[in-house]
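The primary structure of each chain is shown beneath.
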Amino acid sequence: MKKSILAVFVLLSATLLVMSACTKTETVNPCNGQGVLNVENKLDSTISVKITQTHDTRSIDKNFTLPFTLAGNQPYTLTIDGPQYHKDTTFMVLFCDNLLFIVTK
């Protein structure tokens, strides 16, 4: 009698162990899956910054910094235009990044 109760207990424990191991778990990206790219303007005039992937264009006055919060683990192409200034560049923004891009001549 004791052996059959022990066998049922072991069988139930094994079943619960297998069932709990089969549940799906979602992986959560750190920092909500985002990174920050700060663009600092050190030119003598206002510049325009366009991020191609987000279709976002913003102006940055001289001696100011503007943060862009972007989805992490992706490359982003920036087009920077100002008076007598043009630059295209690509950044890889990872999770939890806090990048600084300084625009100078």
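Residues numbered from 1 in each chain as written. Predicted model: local features only at pLDDT ≥ 70, side-chain atom pairs only at ≥ 80, totals over all residues. Heavy atoms only, no water.

Asks: Looking at this model, I keep getting lost on the state of the cysteines. Mind explaining?
Replies: Every disulfide links exactly two cysteines, by a covalent bond between their sulfur atoms. Tallied over the full model, the rule gives one disulfide. There is a disulfide in this structure between Cys-31 and Cys-96, and the S-S distance comes to 1.9 Å. Taking the sign of the S-S torsion, about 105° here, the bridge from Cys-31 to Cys-96 comes out right-handed. Separated by 65 residues along the polypeptide, Cys-31 in the loop between α1 (2-21) and β1 (34-41) and Cys-96 in the loop between β6 (85-93) and β7 (98-103) bring together distant segments of the chain. By relative accessible area, which is 39% here, Cys-96 ends up partly exposed. (Disulfide = S-S within 2.5 Å. Helix = DSSP H or I, 4+ residues; strand = E, 2+ residues; numbered from the N terminus. Buried < 20%, exposed > 50% of the residue type's maximum accessible area, 1.4 Å probe, protein only.)

Asks: Can you walk me through the pattern of salt bridges in this structure?
Replies: One side chain can pair with another of opposite charge once the charged atoms of both are near each other. Taken as a whole and assessed by the stated rule, the structure comprises two salt bridges. When the shortest N-O distance is used, the salt bridge between Arg-58 and Asp-56 registers 3.3 Å. Since its relative accessible area comes to 21%, Asp-56 is described here as partly exposed. (Salt bridge = Lys/Arg side-chain N within 4 Å of Asp/Glu carboxyl O.)

Asks: Which parts of the structure should I look at to understand the sheet that holds strand β5 (residues 74-82)?
Replies: Hydrogen bonds along the backbone pair up the strands of a sheet, which may run parallel or antiparallel. Spatially, the four strands line up as an open sheet ordered β3-β2-β5-β6, and their pairing is antiparallel. Each having just a single partner strand, β3 (56-60) and β6 make up the two edges of the open sheet. Looking at each pair of strands side by side, their axes are set apart by 20° on average, direction ignored. Pairing of strand β2 (residues 47-51) with β5 involves four bridges; the strand directions are antiparallel. When the bridges of β5 are listed, Ile-51 appears paired with Leu-78. (Pairing = 2+ DSSP bridges. Axes fitted to C-alpha atoms, helices over the stretch in contact; angles between N-to-C directions.)

Asks: Can you help me understand the packing of aromatic side chains in this one?
Replies: Two numbers describe a pair of aromatic rings. These are the distance of the centres and the angle of the planes. A complete count under the given rule lists one aromatic pair for this structure. The interplanar angle of 75° and the centroid separation of 5.1 Å between the aromatic rings of Phe-91 and Phe-101 together place this pair among those described as edge-to-face. With a gap of ten residues between them, Phe-91 in strand β6 and Phe-101 in strand β7 connect regions that are remote in the sequence. The class for Phe-91 is buried, based on a relative accessible area of 17%. (Phe/Tyr/Trp six-rings, centres within 6.5 Å; stacked < 30°, edge-to-face > 60°.)

Asks: Could you clarify how one ought to interpret the nonpolar core in this entry?
Replies: Grouped burial of nonpolar side chains is what soluble globular proteins tend to show. Within the largest apolar cluster, 17 residues are counted, with the highest numbers of intra-cluster contacts made by Val-39, Val-49, Leu-78 and Val-103. Of all elements in the fold, only β1, β2, β4 (65-71), β5, β6 and β7 reach the threshold of two or more residues within this core. Setting aside residues up to four positions removed in sequence, Val-49 forms contacts with Val-39, Asp-56, Thr-57, Arg-58, Ile-60, Phe-68, Leu-78, Thr-79 and Ile-80. (Core = buried A, V, L, I, M, F, W, Y, C linked by side-chain atoms within 4.5 Å. Contact = heavy atoms within 4.5 Å.)

Asks: Hey, could you run me through unusual backbone geometry in this one?
Replies: Glycine aside, residues mostly have negative phi, and peptide bonds are mostly found in the trans state. One non-glycine residue, Cys-31, lies in the positive phi region at around 55°. The backbone of Asn-32 sits at a positive phi, close to 60°, despite the residue not being glycine. For Asn-32, the position within the fold is in the loop between α1 and β1. According to the relative accessible area criterion, Asn-32 is exposed, its value standing at 72%.

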